[in-house]
Structure formats: structure tokens, C-alpha cells
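Spelled out from the first residue to the last, the chains are:
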Amino acid sequence: MSFKDAIAKFTDEVKDLSSLQVTTYTGSLEEAIGEGGEINWEAFKPTSGKLVLAAATLVKADYDTVNFRSGDKSLENIGDLLELHQSAVESAQNGRLAMVKMFGGLIGLG
């Protein structure tokens, strides 16, 4: 891939960089795994009725952040799920920062 192609692809993906959304669900393995043993990613939505949204975080480009934490008392290990969720948010933020730094270095900004 040429540098020009890389910049064009990056520019196309900028809309994905404008916000960061992390969602954490809980449920049974049978509800998350589809035919052939593959994860059914389409089932991971609050309207599926099979999986429960335990936590969600939206971080906007201007660093405004919206957090959701389930208040459902029936969720087992909610503390562990929230720790996992926070780790995923931090990992995603670090990944984005690394990508921006790498891109900045490619165009001579870093």
C-alpha cells in the first residue's frame, strides 16, 4: 500500500476516530456462540433479549464522556464486569492514541 493510499484510507476512517464506544454484555455462552462455534456479534445488542448490557462508555472527540452501568441486582460479578469494561476502555484509548501518534510520525508531526 502506498503512502497516498494509506492517507486516503486513514481519512476514510476518521469518522471512526471521532468517538469511542465500548460496551460490555453478560449472558450465557450459548447465547453468544453461533453455528460453527463462531461468536455471533450481531447478538451483542441491548434489544436481543438474550444478553444483558452491563456497562457502556462513549467517549467523544472533545472528551465528553457518557457512562452507563447496569443497576440490575441479578447480574453476577458486576464488579468484575466493570473492571473488565474499564480495562477495555483504557486499552481502546491507548490503541487510538498509538495510531494517531504513528500517523503523526508518518506525516512528520511527531
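Since this is a predicted model, take the numbers as computed values, not measurements.

Right, let's talk about the overall build of the protein chain for a bit. The secondary structure content of the protein chain amounts to three helices and three strands. Traced from its N-terminal end to its C-terminal end, the protein chain shows the element sequence α-β-α-β-β-α. Sorting the 110 residues of the protein chain into buried and exposed places 19% on the buried side. Partitioning the contacts of the protein chain with sequence separation of at least 6, the portion at a separation of at least 24 is 60%. Carbon and sulfur atoms make up 55% of the accessible area of the protein chain, which amounts to about 8100 Å² in all.

Right, let's get into the confidence of the model for the protein chain. Per-residue confidence for the protein chain averages 77 on the pLDDT scale, and 85% of its residues sit at or above 70. Averaged pLDDT values over the elements of the protein chain bottom out at 68 in helix H1 (residues 3-17) and peak at 84 in strand E2 (residues 52-60).

Turning our attention to the side chain of histidine 85. When you line up the elements, histidine 85 lands in helix H3 (residues 78-106). Overall, histidine 85 belongs to the buried group, its relative accessible area being 5%. A polar contact is formed between the side chain of histidine 85 and the side chain of threonine 57, at a distance of 2.7 Å. Once you skip the residues sitting within four places of it in the chain, histidine 85 turns out to touch Val22, Thr23, Thr24, Ala55, Ala56 and Thr57.

What the three strands build is an open sheet, ordered E1-E2-E3; its pairing is antiparallel. The open sheet has two edge strands, strand E1 (19-26) and strand E3 (65-69), and neither has a second partner. Within the sheet, the average angular offset between the axes of one strand and its neighbour, ignoring direction, is 10 degrees. Note: E2 against E3, five bridges, orientation antiparallel. Bridging across to E3, threonine 57 finds its partner in asparagine 67. Against the sheet, H3 contacts E1, E2 and E3, and its axis sits at roughly 155 degrees relative to E1.

Attention now goes to a nonpolar patch on the surface. There is a patch of nonpolar side chains on the surface, built from Phe3, Met99, Met102, Leu106 and Ile107 and spanning about 470 Å² of accessible area. The leading source of residues in the nonpolar patch is H3, at three residues. Tracing the chain through its elements places isoleucine 107 in the segment after H3.

Basis of the calculations
- Residues numbered from 1 in each chain as written.
- Predicted model: local features only at pLDDT ≥ 70, side-chain atom pairs only at ≥ 80, totals over all residues.
- Heavy atoms only, no water.
- Helix = DSSP H or I, 4+ residues; strand = E, 2+ residues; numbered from the N terminus.
- Buried < 20%, exposed > 50% of the residue type's maximum accessible area, 1.4 Å probe, protein only.
- Contact = heavy atoms within 4.5 Å.
- Areas by Shrake-Rupley, 256 points an atom, 1.4 Å probe, with all protein chains shown as cover.
- pLDDT = per-residue confidence, 0-100.
- Polar contact = N/O pair within 3.5 Å; in protein donor to acceptor, adjacent residues only side chain to side chain.
- Pairing = 2+ DSSP bridges.
- Axes fitted to C-alpha atoms, helices over the stretch in contact; angles between N-to-C directions.
- Patch = residues over 30% accessible without salt bridge, like charges linked within 9 Å, V, L, I, M, F, W, Y side chains within 5 Å.
- Salt bridge = Lys/Arg side-chain N within 4 Å of Asp/Glu carboxyl O.

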